[in-house]
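# Structural overview for review
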Amino acid sequence: MKTTETIGEILFENNMPLIKMWNVSVTPGQRPYWKHSHTRFEIMVVASGGGEYTAANGVYEMRKGDVFVFSSNEEHCITNVSDEGLTITNLHFEPRYLEKTASSEKDSFIELCFSHSDKFKNRIPSDKAEFIRVCHDNIRQEFIKKEREYEVSIRANLNLLIINLLRHHNYEAHETYDKKNNLKNILSVFDYIDNNFSENLTLNELAEVAGLTPNYLSFLFKKLNGISLWDYITAKRTEKAAALIVSGGSQTFLDIATECGFNNTANFNKAFKKHKGLTPSELKKNPKRLYH
């Protein structure tokens with residue numbers, strides 16, 4: 001059993017979250033592992049209680065004050081909660097949120113959102129995470145108070161947090177592409193997909209947006225993002241569909257599938273199960289499963 005409480009969010013023009021923070025409380029007990037991932041970067045703080053987090057590279061103990069960091073599309077799931085329960089504060093943001101924080105292409109942290117070095121192991125223990133917790137809490141306070149220029153302060157604190165990850169926690173991106181020449185090309189594709197994922201997108205269309213050949217776009221996108229171009233598009237479609245399902249509206253699954261770019265419910269159900277680890281019907285019955 002889980003309860004969630006949104007702290008604050010900043011939205012894209014299409015009303016999907018660009019950055020979002022919320023609290024999650026989970027009752028004690030074992031929980032099944034299901035493949036949970038998303039295109040957003042995640043920084044989570046354990047506020048109280050404990051348990052276990054299962055990720056692709058192992059199982060981590062969760063203790064109060066610990067910080068967990070997951071790059072875009074990295075699988076993770078809370079699989080056990082201790083007797084005292086568990087409360088976490090989650091921060092998610094789309095990688096392109098960091099595009100607005102950079103004074104030049106060279107300064108961008110965007111590439112860090114898609115992969116990390118093997119030396120980084122997702123969990124930062126409490127005794128080494130004080131600075132990150134302070135930045136994380138500053139963001140929480142800015143969302144709550146919404147004082148003048150609070151969005152600027154949120155970006156500043158996020159930048160400081162990422163710098164700390166780089167300097168003190170072995171968080172480095174794999175250099176798998178020519179950032180100087182190709183980062184802007186890929187960012188233009190991200191923008192185009194976010195604004196048009198409900199349409200029948202083609203590789204040639206996206207390659208024209210990027211100014212690259214279709215084959216090179218496919219290669220470069222996979223190297224940068226860790227998943228294929230089409231898996232990314234499907235992930236964006238299923239994230240939008242999941243948001244519509246948990247909103248409690250009266251739309252049928254066929255309506256939702258069509259609105260999100262799927263041509264039939266069979267393809268919709270298959271893609272949803274692959275990317276969300278459960279079917280649309282299962283999510284509708286238990287909406288809180290969307291949040292771990």
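Residues numbered from 1 in each chain as written. Predicted model: local features only at pLDDT ≥ 70, side-chain atom pairs only at ≥ 80, totals over all residues. Heavy atoms only, no water.

So, about the overall build of the protein chain. Check the secondary structure of the protein chain and you find nine helices and eight strands. Buried residues in the protein chain amount to 51% of all 292 residues. In the protein chain, of all internal contacts separated by at least 6 residues, the share reaching a separation of at least 24 is 71%. Roughly 13800 Å² of accessible area belongs to the protein chain as shown, and the carbon and sulfur atoms make up 48% of that amount. (Helix = DSSP H or I, 4+ residues; strand = E, 2+ residues; numbered from the N terminus. Buried < 20%, exposed > 50% of the residue type's maximum accessible area, 1.4 Å probe, protein only. Contact = heavy atoms within 4.5 Å. Areas by Shrake-Rupley, 256 points an atom, 1.4 Å probe, with all protein chains shown as cover.)

Here we take up the pattern of salt bridges. Enumeration according to the criterion identifies seven salt bridges in this entry. Where Arg63 meets Glu61, a salt bridge forms, and the shortest distance between an N and an O atom there is 3.0 Å. Residue Arg63 is classed as partly exposed on the basis of its relative accessible area, which comes to 47%. Two residues, Lys236 and Asp194, come together in a salt bridge whose shortest N-O distance is 3.4 Å. Here the residue Lys236 occupies a position in helix H6 (residues 229–246), and Asp194 occupies one in helix H3 (residues 179–196), the gap between them amounting to 42 residues. Assessed through its relative accessible area of 6%, Lys236 is described here as buried. You can call Asp194 buried: its relative accessible area is 5%. (Salt bridge = Lys/Arg side-chain N within 4 Å of Asp/Glu carboxyl O.)

So, on to the packing of aromatic side chains. One pass over the structure, following the stated rule, counts 14 aromatic pairs. Here Phe68 and Phe70 contribute two aromatic rings whose centre-to-centre distance is 6.5 Å and whose plane-to-plane angle is 10°, an arrangement assigned as stacked. There is no split in this pair, since Phe68 and Phe70 are both buried. (Phe/Tyr/Trp six-rings, centres within 6.5 Å; stacked < 30°, edge-to-face > 60°.)

What follows covers the confidence of the model for the protein chain. Residues with a pLDDT of 70 or more make up 90% of the protein chain, whose mean pLDDT is 86. Overall, residues 102–107 carries pLDDT values under 50, and its contacts beyond four positions in sequence, including any with other chains, amount to eight contacts. (pLDDT = per-residue confidence, 0-100.)

A few words on the nonpolar core. One finds Ile43 and Leu158 to be the most contacted residues of the largest nonpolar core, which totals 54 residues. Take this core: its biggest share by element is six residues, from helix H2 (residues 150–168). Other than its neighbours up to four places away in sequence, Ile43 contacts Val67, Phe68, Val69, Thr89, Asn90, Leu91, Phe93, Ile132, His136, Leu158 and Leu161. (Core = buried A, V, L, I, M, F, W, Y, C linked by side-chain atoms within 4.5 Å.)

Unlike most non-glycine residues, Asn122 shows phi in positive territory, near 70°. Summarising the element assignment, Asn122 is placed in the loop between strand E7 (76–93) and strand E8 (123–124). Of note, Glu149 is a non-glycine position whose phi angle comes to about 60°, a positive value. Its place among the elements puts Glu149 in the loop between helix H1 (130–145) and H2.

We now examine the packing of H1 against H2. Two elements in contact, H1 and H2, have axes whose closest approach is 9 Å; the angle formed by their N-to-C orientations is 165°. Taken as axis vectors, H1 and H2 run roughly antiparallel relative to one another. As H1 packs across H2, the resulting crossing turns out to be left-handed. Contacts between H1 and H2 involve Phe131, Ile132, Cys135, His136, Asn138, Ile139, Glu142 and Phe143 from the first element and Tyr150, Ser153, Ile154, Asn157, Leu158, Leu160, Leu161, Asn164 and Leu165 from the second. Across the contact of H1 with H2, the residue classes break down as eleven nonpolar, five polar and one charged. (Axes fitted to C-alpha atoms, helices over the stretch in contact; angles between N-to-C directions. Parallel < 35°, antiparallel > 145°, perpendicular 65-115°, else oblique. Left-handed = near helix turned anticlockwise from the far one by under 90°. Nonpolar A, V, L, I, M, F, W, Y, C, P; charged D, E, K, R; others polar.)

The next point concerns the pairing of strand E2 (residues 17–26). A large share of E2 lies buried, amounting to eight of its ten residues. Where E2 meets E7, eight bridges bridge the pair, whose relative direction is antiparallel. Bridging across to E7, Val26 finds its partner in Leu86. (Pairing = 2+ DSSP bridges.)

To continue, consider the side chain of Asp66. Along the chain, Asp66 falls in the loop between strand E5 (58–62) and strand E6 (67–70). With a relative accessible area of 1%, Asp66 lands in the buried category. At 2.8 Å, the side chain of Asp66 forms a polar contact with the backbone nitrogen of Ser126. Each residue touching Asp66, except ones within four places of it in the same chain, is listed here: Met44, Val45, Val46, Glu61, Arg123, Ile124, Pro125 and Ser126. (Polar contact = N/O pair within 3.5 Å; in protein donor to acceptor, adjacent residues only side chain to side chain.)

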